[in-house]
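Coordinate analysis (summary)
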Amino acid sequence: MGESTARRRESMSDQALIEGTGADWKTWLALLDERGAADLGHTAIARLLVSEFEIDGWWAQSITVGYEQERGLREPGQRPDGTFSASASKTVTAAIGTAFEHLADPERQAAWLGGLELTQRSASPPKSVRFDASDGSQVYANLTAKGDKTIVGIEIAKLGSAEAAAAAKADWKERLGRFAEQL
C-alpha cells in the first residue's frame, strides 16, 4: 500500500466506502481508470460518478478526492484550484456569543493573533465569520455551542503548499490556545 493510500484510508476506510457506495477503494479506482478519469478535471470526475454510478454528491466528492490523491493528481490537503488548506479547532469555556465577540472584535484579536491581522469579509453572528489575513490566506471560523462551552473551528485557505498548510495548522493551534486563555 502506497503512502497516499494509507493517508486516504485513514480518512475513509474501505468498510465505510462499501457501506456508503457498495464498493471499496480498489473497485472505485479501477472503474475510474477504465473511464479515463486521470485525464478529467475534478468536477468532471465527480459528475461521472453521480451520472454513471448514481452516487450521492458527498460520496462522489470523497471518491474524487481520494482518486486524485491516489493517482498523484492532488496532494493531501490540496484544493481543486491548486491551493492548500488547513484546519484547527479548540473548545473554549465561553458561551457562543461571547466567543464570537472576542473572535470578531479587531481590538481583542491583537491579544491572541500574534502579529497576524484579520480583515472581516462577512459574518453570521454568532456562528461564523470570514476574514482575509495579512499573510494572504483566508480564515473561516465556525462556532458551535456545546452547553456552556463553544467549539471554535478554523479553516485556513488559499495556502501555497502542503508545508504552508502544516505551518498554518500549528500556528492556528497556538493562536486558539491564546484565544482560549483570553476568554
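Report on the accompanying structure. (Residues numbered from 1 in each chain as written. Predicted model: local features only at pLDDT ≥ 70, side-chain atom pairs only at ≥ 80, totals over all residues. Heavy atoms only, no water.)

As for the pairing of strand S4 (residues 138–146)
Here strand S3 (residues 128–133) pairs with S4 via five bridges, running antiparallel. Among the inter-strand pairings, arginine 130 is bridged to a residue of S4, identified as tyrosine 140. Where S4 and strand S5 (residues 149–159) come together, nine bridges link them in antiparallel fashion. By the bridge assignment, glutamine 138 is partnered in S5 with alanine 157. Remark: two residues form the turn of the hairpin made by S4 and S5, two consecutive strands paired antiparallel; glycine 147 in that turn has positive phi of roughly 65 degrees. (Pairing = 2+ DSSP bridges. Helix = DSSP H or I, 4+ residues; strand = E, 2+ residues; numbered from the N terminus.)

Examining the packing of helix H4 (residues 42–53) against helix H5 (residues 57–70)
Where H4 meets H5, the closest approach of the two axes is 9 Å, and the angle between their N-to-C directions is 130 degrees. As the angle between them shows, H4 and H5 are arranged oblique. The two elements H4 and H5 meet at a crossing, and its hand is right-handed. Contacts from His42, Ile45, Ala46, Leu49 and Val50 in H4 reach Gly57, Ala60, Gln61, Ile63, Thr64, Val65, Tyr67 and Glu68 in H5. Per-class residue counts for the contact of H4 with H5 are eight nonpolar, four polar and one charged. (Axes fitted to C-alpha atoms, helices over the stretch in contact; angles between N-to-C directions. Parallel < 35°, antiparallel > 145°, perpendicular 65-115°, else oblique. Left-handed = near helix turned anticlockwise from the far one by under 90°. Contact = heavy atoms within 4.5 Å. Nonpolar A, V, L, I, M, F, W, Y, C, P; charged D, E, K, R; others polar.)

Here's the deal with helix H3 (residues 25–34)
All of the buried residues in H3 are Trp25, Trp28, Leu29 and Leu32. Taken around the axis of H3, the buried residues stretch over an arc of 100 degrees, which confines them to a single face. Projecting away from the buried face of H3 at angles above 90 degrees are the exposed residues Lys26 and Glu34. Glycine 36 sits one or two residues past H3 and shows a positive phi near 70 degrees. (Buried < 20%, exposed > 50% of the residue type's maximum accessible area, 1.4 Å probe, protein only. Arc of directions from axis to C-beta.)

Here's the deal with the sheet that holds S3
Hydrogen bonds between backbone atoms are what pair the strands of a sheet, whose relative direction is either parallel or antiparallel. One open sheet holds the five strands; their spatial order is S1-S5-S4-S3-S2, and the pairing between them is antiparallel. Among the strands making up the open sheet, the edge pair consists of strand S1 (84–92) and strand S2 (118–124). For this sheet, the mean inter-axis angle between neighbouring strands, taken without regard to orientation, is 20 degrees. Direction of pairing for S2 relative to S3: antiparallel, over a ladder of six bridges. Counted as the bridge partner of threonine 119 is aspartate 132 from S3. Contacts from helix H6 (residues 96–104) reach S1, S2, S3, S4 and S5 within the one sheet, and its direction differs from that of S4 by about 165 degrees. Each of S1, S2, S4 and S5 is contacted by helix H8 (residues 162–182), which is oriented at about 20 degrees to S1, the strand it contacts most.

Observations concerning the side chain of glutamine 78
Take glutamine 78: it is sitting in the loop between H5 and S1. In terms of polar contacts, glutamine 78 uses its side chain to reach the backbone amide nitrogen of glutamate 75, at 2.9 Å. Within the structure, glutamine 78 has its side chain in polar contact with the backbone oxygen of glycine 82 (distance 3.2 Å). Leave out the neighbours within four places in its chain, and glutamine 78 touches Leu73, Thr83 and Phe84. (Polar contact = N/O pair within 3.5 Å; in protein donor to acceptor, adjacent residues only side chain to side chain.)

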